[in-house]
Amino acid sequence: MNKDAVVVFSGGQDSTTCLYWAKHEFAKVYALCFSYGQKHSAEVAVAQSIAGEAGVLFRLIDLPFIGGLAHNSLTDTDMKMDDDVPQGGVPNTFVPGRNLFFLSIAAVVARELGAANIVTGVSQTDFSGYPDCRDNFIRSLNVTLNLAMESQFVIHTPLMWRDKRETWRMADELGVFDIVRERTLTCYNGVVGDGCGHCPACKLRRRGLEEYLKERGL
């Protein structure tokens, strides 16, 4: 396999930072986006636009069954979103199986493309309480995918040990701070850029941004 990479890409802060990281690290980059019944399908349009501007090939895969497998507030319009991570549990914004499905399909696509690398923006350091963002899950899945397809993929997680402040710094070092701040869609309520300011994703993003701007003396 050659030095190409498939990036699991949503058009949010983390995956956009990883997309540009991958452009710096690999010969050719493919952006793989998923439509899975999320409330705010605008993220697909945002992802396609950013991928086009980045000059990478974009592919959208429709996985409508994910949203219907289990109740969660990202796909169920009748469910009220948790404001924060519940004590001793996971928030109802967790979509069970999402990263498992995404990365498994990314491996199939990578195999067909002859790409040895898969990139995802998950983080265990500063995250929303999702068990499928943890390092031990990614390592385990990497072994499983290699066995399942008789391949030697490497799943890269550039943000795994970075908090949101450090993720903003990374975007700045890659020269895409403004793109990430103004063009990405991280907000669970579908507001581009700085977002709604109230949902858990926006709170996490805003806190990291404020810490990074303070670090820069701004």
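Look a little higher up for the structure.
Described in the following lines is the structure provided in the data block. Computed from a predicted structure; not experimentally measured.

The helix and strand inventory of the protein chain stands at eight helices and five strands. The order of α-helices and β-strands along the protein chain, N terminus first, is β-α-β-α-β-α-α-β-α-β-α-α-α. Computed over the C-alpha atoms, the radius of gyration of the protein chain is 16 Å, within 12% of the 17 Å expected from 2.2 N^0.38 for a compact globule of 218 residues. Taken along the three principal axes of its C-alpha coordinates, the protein chain extends 45 × 40 × 30 Å. Of all 218 residues assigned to the protein chain, the portion counted as buried reaches 52%.

We now examine helix α6 (residues 164–173). By the burial criterion, the buried members of α6 are K164, T167, W168, M170 and A171. Looking straight down α6, one finds that the buried residues subtend no more than 155° of arc, so they occupy a single side. For α6, the N-terminal capping position is held by D163, with its side-chain oxygen 3.2 Å away from the main-chain nitrogen of R165. The first or second residue beyond α6 is G175, which carries a positive phi of 80°.

The next point concerns helix α1 (residues 13–25). Three or four residues apart is the spacing at which side chains of an α-helix point the same way, because the helix has 3.6 residues per turn. Look at α1: 18 Å from first C-alpha to last across 13 residues, which is about the 18 Å you get at 1.5 Å a residue. With respect to burial, α1 is a largely interior element, ten of its 13 residues being buried. Considered for burial, the residues of α1 that qualify are Q13, D14, S15, T16, T17, C18, L19, Y20, W21 and A22.

Attention shifts here to the pattern of salt bridges. Scanning all chains against the criterion turns up ten salt bridges. Taking the shortest distance from any N to any O, the salt bridge between E53 and R183 comes out at 2.4 Å. Of this pair, E53 sits in helix α2 (residues 42–54) while R183 sits in helix α7 (residues 177–183), and the two are 130 residues apart along the sequence. By relative accessible area, which is 45% here, E53 ends up partly exposed. With relative accessibility at 28%, the residue R183 sits in the partly exposed group. Ionic pairing is found between R165 and D163, a salt bridge with its closest N-O pair at 3.8 Å. Linked by salt bridges that have partners in common, D163, R165, R169 and E215 make up one network.

What counts, and at which threshold
Counting of residues starts from 1 at the beginning of each chain's written sequence and follows it residue by residue. Owing to the predicted nature of the model, reporting of local features is limited to residues with pLDDT of at least 70; listing and counting of side-chain atom pairs is limited to 80 or more, with chain, interface and lining totals taken over all residues. Side-chain measures were taken over the full set of non-hydrogen atoms in the model, leaving aside hydrogen atoms and water. What counts as a helix is a DSSP run of H or I of at least four residues, what counts as a strand is a run of E of at least two, and both are numbered from the N terminus. The atom set for the radius of gyration is the C-alpha atoms, and the globule formula is 2.2 Å times the number of residues raised to the power 0.38. We call a residue buried when its accessible area falls under 20% of the maximum for its residue type, exposed when it is over 50%, and partly exposed in between, using a 1.4 Å probe and counting protein chains only. The arc refers to the directions leading from the helix axis to the C-beta atoms. A 3.5 Å cut-off defines polar contacts: any pair of N or O atoms within that distance qualifies, except that in protein one atom must be a possible hydrogen donor and the other a possible acceptor, and neighbouring residues in sequence count only when both atoms are side-chain atoms. The span you would expect from a helix comes to 1.5 Å times its residue count less one. By salt bridge we mean one thing: a side-chain nitrogen of Lys or Arg within 4 Å of a carboxyl oxygen of Asp or Glu.

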